[in-house]
Amino acid sequence: PIQRLLELDDSTEENGCLRYVPGSGLPRKLRQHAPLASSRDEGHALTIELDESKGDVEKLAPCKRGSITVHDEFVIHGSSGNKCPDRERRTYVLAYRPQKVVEAERKLGFTHSHNDEVNWDTFNDGEERKK
């Protein structure tokens, strides 16, 4: 599972550049994610607990427009919100995930697609909607 990110704008700490935890992908396991807001209607962001006792140290990856970053899906990564009222941070993301990774992510309640039949408030699959 590989992700490639093409920066369409400069990304900085202030406008929410990529954040990652070096070495977090080595165990080849996805960690549990949780919704950041109280419901998916309020926000689609997810969060994860970092454990500094296990070496989880967040690093920033600021990039210039046109830069490309490549990382494995198992690497803990994300970005904060854009705190700049006058600067965008647009990124084109190309992700490849084999079916077994997609299945593992869904067991954790995580999906990149907003077209899936997922109850975003509970992170359960579409079974609840079919009742």
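Here the structure is a predicted model, which means the values were calculated and not measured.

### Comments concerning the overall build of the protein chain
Part 1 of the reasoning: Scanning the protein chain from terminus to terminus reveals two helices and 10 strands.
Part 2 of the reasoning: Going from the N terminus to the C terminus, the protein chain shows its helices and strands as β-β-β-β-β-β-β-β-α-β-β-α.
Part 3 of the reasoning: Total accessible area on the protein chain stands at roughly 8800 Å², and carbon and sulfur atoms take up 50% of it.

### Notes on the sheet that holds strand β7 (residues 77-79)
Part 1 of the reasoning: Strand order in the open sheet formed by three strands is β5-β2-β7, with antiparallel pairing between adjacent strands. Either end of the sheet is taken by a strand with one partner, and the two such strands are β5 (59-61) and β7. Each neighbouring strand pair of the sheet contributes to a mean axis angle of 35°, computed without reference to strand direction.
Part 2 of the reasoning: Note that strand β2 (residues 18-20) and β5 share three bridges and pair antiparallel. Of the residues in β5, the one forming a bridge with L18 is A61.

### What about a nonpolar patch on the surface?
Part 1 of the reasoning: Residues L6, L8, I68, V70, Y92 and L94 make up a contiguous nonpolar surface patch of roughly 560 Å² in combined accessible area.
Part 2 of the reasoning: Only β6 (68-72) and β8 (91-96) provide two or more residues apiece to the nonpolar patch.
Part 3 of the reasoning: Position of L8 relative to the elements: it lies in the loop between β1 (2-7) and β2.

### A closer look at helix α1 (residues 99-107)
Within an α-helix, residues lying three or four positions from one another point in the same direction, as the helix has 3.6 residues per turn.
Part 1 of the reasoning: The set of residues buried in α1 consists of V101, V102 and E105. All buried residues of α1 lie within an arc of 100° about the axis, which places them on one face of the element. Facing away from the buried surface of α1 by more than 90 degrees, the exposed residues are Q99, K100 and K107.

### Points about the pattern of salt bridges
Part 1 of the reasoning: Taken as a whole and judged by the stated rule, the model has six salt bridges.
Part 2 of the reasoning: Here the salt bridges do not stand alone but share partners, grouping D9, E88 and R90 into one network.

### Looking at the side chain of E7
Part 1 of the reasoning: Its location among the elements puts E7 in strand β1.
Part 2 of the reasoning: A distance of 3.1 Å separates polar atoms of two side chains, one belonging to E7 and the other to T91.
Part 3 of the reasoning: Apart from the residues within four sequence positions on either side, E7 is in contact with C63, K64, R65, G66, S67, R90 and T91.

### Some points on the environment of K54
Part 1 of the reasoning: Here K54 shows up in the loop between β4 (46-47) and β5.
Part 2 of the reasoning: When the C-alpha atoms of K54 and S24 are compared, they prove to be 9.6 Å apart, with 30 residues separating the residues in sequence.

### Concerning the environment of L50
Part 1 of the reasoning: Within the fold, L50 resides in the loop between β4 and β5.
Part 2 of the reasoning: Owing to a relative accessible area of 36%, L50 belongs among the partly exposed residues under this scheme.
Part 3 of the reasoning: When the C-alpha positions of L50 and R31 are compared, they lie 9.9 Å apart, and in sequence the two are 19 residues distant.
Part 4 of the reasoning: Ignoring anything within four residues of it in the chain, the contact list for L50 reads V21, D56, E58 and I76.

### Brief notes about the sheet that holds β8
Part 1 of the reasoning: The strand order across the open sheet formed by three strands is β6-β1-β8, and the pairing between neighbours is antiparallel. The open sheet terminates on both sides in strands that have one partner only, identified here as β6 and β8. Mean inter-strand twist for the sheet, computed between neighbouring axes without regard to direction, equals 15°.
Part 2 of the reasoning: Here β1 pairs with β6 via five bridges, running antiparallel. Residue pairing in the sheet places I2 in a bridge with D72 of β6.

So, how was this worked out
- Residues numbered from 1 in each chain as written.
- Predicted model: local features only at pLDDT ≥ 70, side-chain atom pairs only at ≥ 80, totals over all residues.
- Heavy atoms only, no water.
- Helix = DSSP H or I, 4+ residues; strand = E, 2+ residues; numbered from the N terminus.
- Areas by Shrake-Rupley, 256 points an atom, 1.4 Å probe, with all protein chains shown as cover.
- Pairing = 2+ DSSP bridges.
- Axes fitted to C-alpha atoms, helices over the stretch in contact; angles between N-to-C directions.
- Patch = residues over 30% accessible without salt bridge, like charges linked within 9 Å, V, L, I, M, F, W, Y side chains within 5 Å.
- Salt bridge = Lys/Arg side-chain N within 4 Å of Asp/Glu carboxyl O.
- Buried < 20%, exposed > 50% of the residue type's maximum accessible area, 1.4 Å probe, protein only.
- Arc of directions from axis to C-beta.
- Polar contact = N/O pair within 3.5 Å; in protein donor to acceptor, adjacent residues only side chain to side chain.
- Contact = heavy atoms within 4.5 Å.

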